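Structure at a glance
The primary structure of each chain is shown beneath.
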Amino acid sequence: MSRMVPAIATVLFLAAPPQDDLRTLTRAAFVNVRVVDVENSRILEGRTVQIEDGRIKSIHEAGKADLPPNTFSIDGAGKYLSPGLADMHVHHTGSGAFVTGSEPPLYGEQDLLLYLINGVTTVRNMSGMPLDIEIKRKLAAGEISGPHYYSSGPPLISVDRGLYIDTPQKARDVVAAQKRAGYDFIKMYCCFGGGLYAAIVQSAEENKIPLVGHVQLRLPLEDAFRLRSIEHLEMLPRYFNNELPDIKRQRHVVEQMLASHTFVCPTLLPFEGYKFLDVKTLSDHLARPEIAYIPTVTFDEEMNAIRKHESFLSDEKEAASTKRMFELGMQYAYFLHQQGVPLILGSDAGGIFPLVPGFSIHRELELLNLAGLSPMDALRTGTINVARFLGNSDTRGSIAENKESDVVLLDENPLVSISNTRTIRGVMIGKTWIDKAAIDRILLRLKKR
Ligand SMILES: [Zn+2]
């Protein structure tokens, strides 16, 4: 008889209806909450934020809010309501520059929830393939749940791999085709010379699709300011002999950059990752709980590659030069920020092992803070700066009346310690609310190993 018990338990477990993790709320309110106001760099005490049909209907002092009777009330006492974060550099489906659209995707549709439960309500995918167009369509149709999803097309590259561009005509054809296919950005990889670069820039302008990507080391730095966003900070310091930033020497460059309205997505995190540092940082990464969310196949392949290159990891010269690169990245991120160049938050989630969708953004925020940005300024890189970059700051990027209700409820103050962006109590994107219990269930469900 006792043998029957586990069998029955299993049957009951399987027969149980799936938990309703994502609740649709037409009317909701965060009651008596502290609002993180990233537009005015302040905290508003004791507010009641009323949500209706996925928008912020009103923000009142808690005692003065008059809520309709059928409002779903969320207790905000002692908590912080922060705008949803963006990760503006992810590789959700394909990694790196050499995607062709034929290889198996890194992360699946269900893994889009990893962003949401981490408070990330917007992502920009940087190595697109047809699958990303399908994800965008399904999200728009409400067939799947996930963050607002932007994607570049497959990255353009000037060597015979991936999306190989070798003539100006091919550049024009590819840019037009990516625009027609429904991608949001053209991603420039490397290492273009002047003729091809000019053709890409011109066709992006003609097709009205923003061009983003890497600085081209073969070209003058000024050419990089034709990009809407510069990705990563490893190339920029090379134009200055890898010396520390200095406004006396770089004033002219900074002025050009400001005039061009180019944004910079520093992605400091990959430089802290295993490919660039030592065995210690690798083991720190591997000890993090989010490692369980890397697909098993990817994990095994990457670990095999690491074992092959273990000698590389312990090479002191390599370690020293990559440590220098990381330090320069940190210094330049702070320098550009101080000079008024707008930074946008991006972590390279998925692109560099072992950075995991959603989780990685909290570490990138910590690195920006370590680089010198205040916690508020770090938050702004992932919220209002992103909305300005995407041109939708009238509806997104901060908590204000009439904006979309993309918000994160935090237990602790993110301005006291930026690490508190991890103390997530619940996440709302539009009409969808995911509370702490639902987050825990999703985490269990999405574990890969
Ligand atoms: Zn990347």
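As a starting point, this report considers the structure included with it. (Residues numbered from 1 in each chain as written. Predicted model: local features only at pLDDT ≥ 70, side-chain atom pairs only at ≥ 80, totals over all residues.)

**Here's the deal with the environment of Asn 40**
Along the chain, the position of Asn 40 falls in the loop between strand S2 (27–37) and strand S3 (42–52). Judged by local crowding, Asn 40 falls into the exposed class, with 10 C-beta atoms found within 10 Å. C-alpha of Asn 40 to C-alpha of Ala 181: the two residues are 141 residues apart in sequence and 39 Å apart in space. (Helix = DSSP H or I, 4+ residues; strand = E, 2+ residues; numbered from the N terminus. Buried ≥ 20, exposed ≤ 12 C-beta atoms within 10 Å, placed from the backbone.)

**Digging into the sheet that holds strand S9 (residues 148–151)**
Read across the sheet, three strands follow the order S7-S8-S9 without closing on themselves; strand pairing throughout is parallel. Each edge of the open sheet is held by one strand with a lone partner, namely strand S7 (85–90) and S9. Neighbour to neighbour, the strand axes of the sheet diverge by 15 degrees on average, direction disregarded. Contacts between helix H3 (residues 130–141) and the sheet are confined to strand S8 (120–125) and S9, with S9 contributing the most and set at about 155 degrees to the helix. (Pairing = 2+ DSSP bridges. Axes fitted to C-alpha atoms, helices over the stretch in contact; angles between N-to-C directions. Contact = placed C-beta atoms within 7 Å.)

**With respect to the packing of helix H4 (residues 168–181) against helix H5 (residues 194–206)**
Helix-helix packing is characterised by the crossing angle of the two axes and by the distance between the axes. It is at 9 Å that the axes of H4 and H5 come closest, and there the two elements cross at 30 degrees. Overall, the two elements H4 and H5 adopt an arrangement that is roughly parallel. The handedness of the crossing between H4 and H5 comes out as right-handed. Residues Pro 168, Ala 171, Arg 172, Val 175 and Ala 176 of H4 lie in contact with H5, whose contacting residues are Gly 195, Leu 196, Ala 199, Ile 200, Ser 203 and Ala 204. (Parallel < 35°, antiparallel > 145°, perpendicular 65-115°, else oblique. Left-handed = near helix turned anticlockwise from the far one by under 90°.)

**Observations regarding the pairing of strand S18 (residues 432–435)**
Where strand S1 (residues 23–24) and S18 come together, two bridges link them in antiparallel fashion. When the sheet's bridge partners are listed, Thr 24 is paired in S18 with Thr 432. Of the strand pairs in this sheet, strand S17 (residues 424–429) and S18 are connected by four bridges, and their pairing is antiparallel. Bridge pairing links Val 427 to Ile 434 in S18. Between S17 and S18, which follow one another and run antiparallel, lie two residues, and Gly 430 among them has a positive phi close to 60 degrees.

**Overview of the pairing of S3**
Where S2 and S3 come together, eight bridges link them in antiparallel fashion. Residue pairing across strands places Val 35 opposite Leu 44, the latter belonging to S3. Counting the residues in the hairpin turn of S2 and S3 gives four residues, including Ser 41, whose phi is positive at 50 degrees. Here S3 pairs with strand S4 (residues 55–61) via six bridges, running antiparallel. Its bridge partner being in S4, Val 49 is matched across the sheet by Ile 59. Taken together, S3 and the strand that follows it, S4, pair antiparallel across an intervening segment of two residues, in which Asp 53 is found at a positive phi of about 50 degrees.

**Comments concerning the packing of helix H11 (residues 316–338) against helix H12 (residues 360–371)**
Two elements in contact, H11 and H12, have axes whose closest approach is 8 Å; the angle formed by their N-to-C orientations is 75 degrees. Between H11 and H12, the interaxial angle falls into the category roughly perpendicular. Across the interface between the two elements, Met 330, Ala 333 and Tyr 334 from H11 touch Leu 368, Leu 370 and Ala 371 from H12. For the contact of H11 with H12, the residue count by class is six nonpolar, no polar and no charged. (Nonpolar A, V, L, I, M, F, W, Y, C, P; charged D, E, K, R; others polar.)

These values are about where atoms sit, not about what they do.
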